[in-house]
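# A look at the structure
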Amino acid sequence: MIHFSSFYNLLTRNILAIGIFSILLSPAGANDPAGNKSTSSYTWTTDHMQFGVRWQPFAGRPENNLYDANRPVLSQHSSYAQFWINWAATEPRENNTNYRNAMSGYLHAIDQAVNICASRGIKVEFVMWHCPAWASESGKAGPWRPKSGKYAEFVTRLARHFKGRVGAYQPYHEVNMQSMINDADIDFVMSEIFLRGAQAIRAVYAEKPAKPVIISTSGTSPCEPCGVLKGLKGGGAVAVDDFYNRLIANKPLMAVIDALNLNVSDHANGYGRMDGKIIPNVWTQYDLARRKLDMAGYHSKKILSSESWVVWDNSRNNHDINKDGKKDERDAFDKSVTIIGKMLERGLNTINLPWSDNSSSWSMGLTKRHDYNGRIKKLNPDIVIPARGGGPDIVTSKVALAGTDKNLYFHRKIRKEENDFSVKNFIDPSDPNHLHYYVWRWYSQIAGGSDEVIRHAIAGEAGNDINISGLGNSGKEKYKIASFNRTKSKFTVLVYSGGADGSSRMKVTIPSTIQKGNVYNNSSSLKDFRGEGFADGDKYQAIVVTKNISRQNGSDEQVSVQKSKVLTVANGTLQATVGNIRKFTSIEFVKVE
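Residues numbered from 1 in each chain as written. Predicted model: local features only at pLDDT ≥ 70, side-chain atom pairs only at ≥ 80, totals over all residues. Heavy atoms only, no water.

### A closer look at the overall build of the protein
Cut-off, in case you're wondering: Where helices and strands are cited, they refer to DSSP runs of H or I of at least four residues and of E of at least two residues respectively, numbered from the N terminus. The buried label goes to any residue with under 20% of its type's maximum accessible area, the exposed label to any with over 50%, and the partly exposed label to all in between, with areas taken from a 1.4 Å probe on protein chains only. The contact definition used throughout considers only heavy atoms, calling two residues in contact when any of these lie within 4.5 Å. Using a 1.4 Å probe, the Shrake-Rupley method yields the accessible areas, and only the shown protein chains count as cover for residues.
Looking only at helices and strands, the protein features 15 helices and 24 strands. The burial tally for the protein puts 62% of its 593 residues in the buried class. Excluding contacts between residues fewer than 6 apart, the proportion of contacts in the protein whose partners are at least 24 apart in sequence is 74%. As displayed, the protein has an accessible area near 21300 Å², and 49% of this comes from carbon and sulfur atoms.

Right, dumping it as C-alpha cells:
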C-alpha cells in the first residue's frame, strides 16, 4: 500500500492557495494541445488487453502535464491510463460539487489529462478513494467513512462529467484494509461503496445516449502486518480470502460488476510479506480469485489490476532477488520480467505501473522526473543532471513541488526515512528512464498502444494454446502471451525464455482465428470476436525480433530480425520458426495480400 495522504494534502493546500486556475480544456474527443489526433475508437470490453501507466497529473501545472503526456511512456507505448481520484481533493469543499462553476484545481488537472488521453485513443480508468471532511461522518478528510448516500452522489457527479471519456471505474482502493476507510466495516463497504456506487455509475452510463462501462471492485493487498477491515475473518491473506468470498457470495453486487481486483506489485503481495500458504505471491492471488469465480459459476467475470508497482532503489521494501548483495534497478528489472510475465500469461488483461517518480515516500516510477521548464535547476542546480539525448534535465532527488508552471517551489524535502534517493541510486544516471522501463516497454507490445487489441490464445488452454517446441524455449522462467490486433489485423506473440543463449531454435504455433476460451471470447463476452483472424488458404508472413535487453542500460543486445517466407494458413494454425533465440522474442503474424 502506498501512503499518498501527505502528497494529496499538499495538492489540496495548493488548490486552495491558487484557486481555480485558467486553462483551455480540449473538448472530449478533440485533438489534444500537441496536435495529435485520435488513432482508434472502440468499445473497451474485458476481452480487450490494456497495458499502460498510472498517471497522476499536477493541479495548476497544465504545461507540466502536457510535457508528461508527450513522453514515450504515455504517448507511444501505453494503451490505457489509470487515474487515482482522491475524493477529498476532488471536492475539498461542498461547493466544489458544482463542476461547472466551482471545479477544484485538482479535478481540472484530471480533466485536462483525460482529454489528452481521449484525443489519442488511450483508454482511461478511475480509482476512487478517501473522503472530504464535509461528507464524512467523522468530520475529517481522508480515509474516513462517508455519510450515507454521499458516496453514490459523488460517483454520480463524476460519472456524468466523464461519461464517454472514462471507460472503467474501481469504486475504492485497498478497502480490505481498515486504514483506508476508518470507522467502516465490510457490510458498509459492500452496500454503500461497491453496490450503491456501481449502481450509480451504471445508471449514468445507461442514460441516453448510453455508453458502455467496466466496473470492478477494489485493489486488494494481503499485507500480513496491516490492519484488516472490520468484519473480515483473520488477517493478511486469510482476510483477503474471506474478502473475495464475501464479494462473490453477494449476488446483487456480482450482477452489477464486471470484475474483481487485485494489486500487482513486488512488495506486500509480490515477493514481500506474504503468509506463504494461501497467497505466497501476487500470481497465486490471481489464481485464488480466478478459482473462486469459476467455482461460483462466474466464468464471465474477469480480474483486473489496481495499484501496481515495482520498487527500483535500495529502500526497505525492495528485495535482493538476484542475490548479488545489492538492492537496485537490476532487481527491479528481474522482478518486472517475472511479475508481468506470470500475470499476463495467466490471463490478466490489464497491467499498469506508475509513469514517473513522484512525491510519495516510495520509489517506483518507470521514468525519472524531468525539469520540464528549467525551474528546478534555478531552485537547486545540485539535483539536476543533463539527460542523454538532450531535452530537459533529469531530477536526481525526490522532491515535493508546489505552485504553478510559472511559479514552482519546493514545498518540503522528502525525509531521509522516506527514501530520499539521489543520483547514486541510478544504474544509468543520464537515462530518462529506469531500467525496468525497458521490460515494461517490451511487454507493452501485447496491447498495441491505441490500437484495438483483444486477448488471443492462453498458455495451456486446451484447443486454444500457444504451442512452443524446440530447445530454444528454455530456462527456469518461460512466459508466452498472445493477442490479436483488430486495428492492424495481425497476431502478436511474446515469448520470454530465461535460458535462451542464441544457440537454439524454437517453433511457435497458434490458432489462426480467435477461439472460444474458458475465460475470454466466449458466449458471455460483450462482443463476439470468435472466428476473426486468418482463414485457411490466406497468405501470411511471420516477422520475428529476438534479442536480449541489457541489465546495465536497457539497450537492445544481440538483436536478430527474421522474416519467414510467405506461408499459407492450413488447418487453422499459424506457425513461425525462430533461430538463434534470445531471452526476449516477439513474433508478428501479418496477412499478405
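### What about the packing of aromatic side chains?
Definition in use: Whether two aromatic rings pair depends on their centres lying within 6.5 Å, for rings of Phe, Tyr and Trp, where Trp uses its six-membered ring; planes under 30 degrees apart make the pair stacked, over 60 edge-to-face, and the rest tilted.
Scanning the model with the defined rule gives 28 aromatic pairs in all. Centroid distance W87 to Y151: 6.0 Å. Interplanar angle 75 degrees. Geometry classified as edge-to-face. Here the residue W87 occupies a position in helix 4 (residues 87-90), and Y151 occupies one in helix 7 (residues 150-162), the gap between them amounting to 64 residues. Taken together through their ring pairs, the aromatic side chains of W55, F83, F126, F162, Y169 and Y205 make up a single cluster.

### Some remarks on the pairing of strand 1 (residues 50-54)
Here is the rule we go by: Paired strands, in this sense, are two strands between which DSSP finds at least two bridges.
In terms of burial, strand 1 is a largely internal element, 5 of the 5 residues being buried. The pairing of strand 1 with strand 10 (residues 350-354) spans 5 bridges and is parallel. In the sheet register, F51 faces strand 10, and the bridge partner there is I351. As paired strands, strand 1 and strand 2 (residues 80-86) are joined by 3 bridges and run parallel to one another. Bridging across to strand 2, V53 finds its partner in A81.

### Things to note about the nonpolar core
Condition: Joining through side-chain atoms within 4.5 Å is the link that ties buried Ala, Val, Leu, Ile, Met, Phe, Trp, Tyr and Cys residues into a set, and such a set is a nonpolar core.
Ranked by internal contacts, the top residues of the largest apolar core, which has 123 residues, are F83, F126, M128, Y169, M343 and Y443. Looking at which element gives the most residues to this core, the answer is helix 8 (residues 186-206), with 12 residues. With residues near it in sequence (within four places) discarded, M128 still touches I85, Y151, F154, V155, L158, Y169, Q170, P171, Y172, H173 and I201. Membership of the second largest hydrophobic core comes to 26 residues, among which are I466, V493, M506 and F589.

### Some thoughts on the packing of helix 13 (residues 329-346) against helix 15 (residues 437-444)
As a reminder of what qualifies: Every angle, taken between N-to-C directions, lies between 0 and 180 degrees, and every axis is a line fitted to C-alpha atoms, over only the stretch in contact when it is a helix. What sets the label is the angle itself: under 35 degrees gives roughly parallel, over 145 gives roughly antiparallel, 65 to 115 gives roughly perpendicular, and the rest give oblique. Here is the rule for handedness: rotate from the far helix to the near one, and if that takes an anticlockwise turn smaller than a right angle the crossing is left-handed, while a clockwise turn gives right-handed.
The N-to-C vectors of helix 13 and helix 15 enclose an angle of 25 degrees; their axes lie 8 Å apart at closest approach. As far as their axial angle goes, helix 15 and helix 13 are roughly parallel. Crossing hand, helix 13 versus helix 15: right-handed. Within the contact between the two elements, helix 13 uses F333, S336, V337, I340, G341 and L344 and helix 15 uses V439, W440 and Y443.

### Remarks on the packing of helix 12 (residues 282-295) against helix 13
The following threshold applies: Basically, the charged four are Asp, Glu, Lys and Arg, the nonpolar ten are Ala, Val, Leu, Ile, Met, Phe, Trp, Tyr, Cys and Pro, and anything else, Gly included, counts as polar.
One way to put it is that helix 12 packs onto helix 13 with a least axis distance of 9 Å and a crossing angle of 15 degrees. Considered as vectors, helix 12 and helix 13 are oriented roughly parallel to each other. The handedness of the crossing between helix 12 and helix 13 comes out as right-handed. Contact with helix 12, carried on its side by V282, W283, Y286 and D287, involves T338, I339, K342, M343 and R346 of helix 13 and no other residues of that element. Among the residues forming the contact of helix 12 with helix 13, the class breakdown is 5 nonpolar, 1 polar and 3 charged.

### Some thoughts on the pattern of salt bridges
Rule in force here: The term salt bridge refers to a pairing of a side-chain nitrogen on Lys or Arg with a carboxyl oxygen on Asp or Glu at a separation within 4 Å.
Scanning all chains against the criterion turns up 24 salt bridges. With a closest N to O distance of 3.9 Å, E153 and K150 form a salt bridge. Of this pair, E153 and K150 both sit in helix 7, 3 residues apart, roughly one helical turn. Taking the relative accessible area as the measure of exposure, K150 reaches 21% and is therefore partly exposed. For R530, the salt bridge is made with D528, and the minimal N-O distance between the two is 3.0 Å. Owing to a relative accessible area of 47%, D528 belongs among the partly exposed residues under this scheme.

### Description of the confidence of the model for the protein
Which entries qualify depends on this criterion: You can read pLDDT as the predictor saying how much it trusts each residue, on a scale of 0 to 100.
Looking at the protein as a whole, the pLDDT averages 90, with 90% of positions reaching at least 70. Taken together, the stretch residues 1-39 has pLDDT below 50 and engages in 99 contacts with residues farther than four places along the chain or on a different chain. Below pLDDT 50 for its whole length, residues 414-418 participates in 8 contacts with residues either more than four positions away or in separate chains.

### Brief notes about the sheet that holds strand 19 (residues 506-511)
Pairing between sheet strands relies on hydrogen bonds along the backbone, with the strands arranged either parallel or antiparallel. Read across the sheet, 3 strands follow the order 16-19-23 without closing on themselves; strand pairing throughout is antiparallel. Looking at strand neighbours, the two that pair on one side only are strand 16 (467-469) and strand 23 (573-578), the edges of this open sheet. The sheet shows a mean angle of 15 degrees between the axes of neighbouring strands, direction not considered.

### Observations concerning the state of the cysteines
What counts is decided by this rule: By disulfide we mean two sulfur atoms from cysteines, separated by a distance within 2.5 Å.
In total, this model carries 1 disulfide according to the counting rule given. Here C223 is linked by a disulfide to C226, with a sulfur-sulfur distance of 2.3 Å. On the sign convention where negative means left-handed, the S-S torsion of about 65 degrees between C223 and C226 marks this disulfide as right-handed. Relative accessible area serves as the criterion here: at 22%, C226 is assigned to the partly exposed category.

### Some details on the pairing of strand 2
Consecutive side chains along a regular strand alternate between the two faces of the sheet. Among the 7 residues that make up strand 2, 7 are buried, leaving the element largely enclosed by the rest of the structure. Neither face of strand 2 is left uncovered, since the one carrying Y80, Q82, W84 and N86 and the one carrying A81, F83 and I85 both have all their residues buried. As paired strands, strand 2 and strand 3 (residues 123-129) are joined by 7 bridges and run parallel to one another. The residue bridging A81 from the neighbouring strand is V124, located in strand 3.

### So, the environment of A500
Note on placement: A500 falls in the loop between strand 18 (490-497) and strand 19. By relative accessible area, which is 5% here, A500 ends up buried. Through-space distance from the C-alpha of A500 to that of S474 is 5.8 Å; in sequence the pair is 26 residues apart. In contact with A500, not counting residues within four places along its chain, are G472, S474, I581, R582 and K583.

### Quick word on unusual backbone geometry
Backbone torsion omega between K208 and P209 reads -5 degrees, so that peptide bond is classified as cis. Examined against the element boundaries, P209 turns out to sit in the loop between helix 8 and strand 6 (214-215). Look at D183: it is not a glycine, yet its phi comes out positive at around 75 degrees. Among the structural elements, D183 can be located in the loop between strand 5 (172-173) and helix 8. Accessibility expressed as a relative area gives 47% for D183, which makes it partly exposed. Its identity as a non-glycine residue notwithstanding, N580 has a phi of 50 degrees, on the positive side. Residue placement: N580 occurs in the loop between strand 23 and strand 24 (584-591).

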